[in-house]
Every structure is written in C-alpha cells, then in structure tokens.
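Remarks on the overall topology
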Amino acid sequence: MTKSELIEALAGQLPHLAFKDVELAVNCVIEQMSETLSAGDRIEIRGFGSFSLHHRAPRMGRNPKTGEAVSLTAKYVPHFKPGKELRDRVDASRDSFKIID
Amino acid sequence: MALTKADFAERLFDELGLNKREAKEMIELFFEEIKSSLEKGEQVKISGFGKFELRDKSSRPGRNPKTGEEIPISARRVVTFRSGQKLKARVEQYAGAK
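Not measured: the values here are computed from a predicted model. (Residues numbered from 1 in each chain as written. Chains lettered and ligands numbered in written order. Predicted model: local features only at pLDDT ≥ 70, side-chain atom pairs only at ≥ 80, totals over all residues. Heavy atoms only, no water.)

This paragraph deals with the overall build of chain A. In terms of helices and strands, chain A carries three helices and five strands. Mapped in sequence order, the helices and strands of chain A form the string α-α-β-β-β-β-β-α. Here the C-alpha atoms of chain A give a radius of gyration of 19 Å, more than 25% beyond the 13 Å that 2.2 N^0.38 yields for 101 residues. Reported as C-alpha extents along the three principal axes, the dimensions of chain A are approximately 55 × 35 × 30 Å. With 101 residues in all, chain A has 39% of them scored as buried. Residue pairs in contact within chain A that sit at least 24 positions apart in sequence constitute 30% of those at least 6 positions apart. Accessible surface, chain A as shown: approximately 5900 Å² in total, 51% of it carbon and sulfur. A gap of 9 Å separates the mean positions of the 15 positive and 14 negative side-chain charges of chain A. (Helix = DSSP H or I, 4+ residues; strand = E, 2+ residues; numbered from the N terminus. Rg over C-alpha atoms; globule rule 2.2 N^0.38 Å. Buried < 20%, exposed > 50% of the residue type's maximum accessible area, 1.4 Å probe, protein only. Contact = heavy atoms within 4.5 Å. Areas by Shrake-Rupley, 256 points an atom, 1.4 Å probe, with all protein chains shown as cover. Lys, Arg positive; Asp, Glu negative; His and termini not counted. Charge placed at Lys NZ, Arg CZ, Asp CG, Glu CD.)

Right, let's get into the nonpolar core. Of all hydrophobic cores here, the largest spans 47 residues; its most connected members are Phe51 of chain A together with Phe30, Phe49 and Phe52 of chain B. In contact with phenylalanine 52 of chain B, not counting residues within four places along its chain, are Phe48, Phe51 and Phe80 of chain A together with Ile34, Leu38, Gln43, Val44, Val79, Thr80 and Phe81 of chain B. (Core = buried A, V, L, I, M, F, W, Y, C linked by side-chain atoms within 4.5 Å.)

The partner chain A presents 56 residues to the 54 residues of chain B that form the contact. When chain B packs against chain A, the two sides together hide about 5600 Å² of surface, and 66% of this comes from carbon and sulfur. If you look at where chain B meets chain A, you find seven salt bridges. Across the pair aspartate 101 of chain A and lysine 51 of chain B runs a salt bridge whose closest N-O atoms are separated by 2.9 Å. Seen at the junction of chain B and chain A, the total is 23 residue pairs in polar contact (both at pLDDT 80 or more). Only helix H1 (5–16), helix H2 (20–39), strand E1 (44–46), strand E2 (50–57), strand E5 (76–83) and helix H3 (85–92) of chain B provide two or more residues apiece to the side of chain B that touches chain A. Top element by residues in the side of chain B that touches chain A is H2 of chain B. It accounts for 15 residues. (Buried area = accessible area lost by both parts, 1.4 Å probe. Salt bridge = Lys/Arg side-chain N within 4 Å of Asp/Glu carboxyl O. Polar contact = N/O pair within 3.5 Å; in protein donor to acceptor, adjacent residues only side chain to side chain.)

Residues and elements named next belong to chain B. Pairing in this open sheet of three strands is antiparallel, and the strands run E1-E2-E5 from one edge to the other. Strand pairing shows two members of the sheet lacking a second neighbour, E1 and E5, which therefore form its edges. Strand after strand, the sheet turns through a mean of 25° between neighbouring axes, direction not considered. Pairing between E1 and E2: three bridges, direction antiparallel. For lysine 45, the partnering residue across the bridge sits in E2 and is lysine 51. (Pairing = 2+ DSSP bridges. Axes fitted to C-alpha atoms, helices over the stretch in contact; angles between N-to-C directions.)

A few words now on the pattern of salt bridges. Here the structure, examined in full by the defined rule, presents 18 salt bridges over all chains. Between arginine 11 of chain B and glutamate 35 of chain A there is a salt bridge, with the nearest N and O atoms lying 3.0 Å from each other. In this pair, arginine 11 of chain B is assigned in helix H1 and glutamate 35 of chain A in helix H2 (residues 19–38), connecting two distinct chains. Each member of the salt-bridge network shares a partner with another, and the members are Glu85 and Arg89 of chain A together with Glu32, Lys35 and Glu39 of chain B.

This next bit is on the confidence of the model for chain B. Reading fine detail from the predicted coordinates is not recommended where pLDDT is low. Residues with a pLDDT of 70 or more make up 96% of chain B, whose mean pLDDT is 94. Listed scores for the predicted complex are pTM 0.91 and ipTM 0.91. (pLDDT = per-residue confidence, 0-100.)

What follows covers the pairing of strand E3 (residues 60–63) of chain B. Residue and element names in this part refer to chain B. Where E3 meets strand E4 (residues 70–73), four bridges bridge the pair, whose relative direction is antiparallel. Note on E4: the bridge partner recorded for arginine 60 is isoleucine 73. If you look at the hairpin formed by E3 and E4, you'll find six residues sitting between the two strands, and glycine 68 has a positive phi there, around 80°.

Here's what the structure looks like:
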C-alpha cells in the first residue's frame, strides 16, 4: 500500500469529506509525525506503536568505493516499536496472507 | 511529552478546519487502515516518511534472561519500520538536547 492508496481507502470510508481534505489531512498527519521526531520528541499511538529516536555513536567508516577512511559524527535515527495490538494482529493472520508490497 | 492521537486531531481541527468529531475519526481510521493493511500481509510505504515492512521469522532457541532457563521462541510475523531518506535527513540534524 502506498500513500495515495491509503488516501483513497480513507476517502472511501469518509464519504462526508471532500477527497482533497482527506489528502490534506493525511499529509498533515505525516508532516506532524516528521516534525515531532525531528524535534527529538516521541510519538505514542496506543495499539499501533511508538516512534522515538535512537542515538548512534560517532564511528570511523569507509567509503565503499575508494576504501578511504571517513569519520562519521554521532547522529539520531528514527525507531518504531509496534504496539501489542498491531503485533498480535499481524502475527495471528500470518498463515492466511502472504507478504506483498 | 509524547505526541498522541489527541494532538494529531487538534492540528486537523486548527489547520484544516475539520470539526472535532471528524478530526478524531480521521486519526482513528488513519492508523486502523495501516494496521489492517499490515494484517493482510500488505506492506505500507509512506513516501517522505518511511516503510512499514513485514518479516516472517522462523523459530529459534531463546532464554529467559532472568532465570537462564531455555525457552523456544516460536515462528512469527513481525512489523519493522525503515525510515525514508527525507525523514532520516531531518532527524539527523537533531542535535540531541532532550
């Protein structure tokens, strides 16, 4: 499922809203999630999961093409921990559905 | 303070003028739609944000870290998240004051 398919699916379930508003709303939610994480704050959605940042220590890396050593600075990376409901639902249906893109 | 569903709904109300009930419904459906897609084995790719992927793991031997007792970990399907380039770049700039 892609973002546009998600928008279509939501629009189908929200017939009282204009398609354009559903599109704006989805983009608004995604932007708010990105902003929150970029500011170093957590996101917690019960039953879905939580997003937080994980710290990565500075390290020496290598340019894979030239083999040259490069020093990489410390950074933060986004992390998602699925909530219990999502974990349980996905696992319970694994025999009924193949994984598809 | 962590961001919750109420904060998302609040912003839909402020920015898009959805009424409180519509905003709440939209947020509930947004996360439910992603969950039900994953439940049906369908991975979810949100461009500019990231991809919710599925992985089938085979069973493996595990251990109770407290007692040291061996307990098998059953085969299962799990959800993983891979952040997109755009989100990674934005988050990397965070200097870490919190």
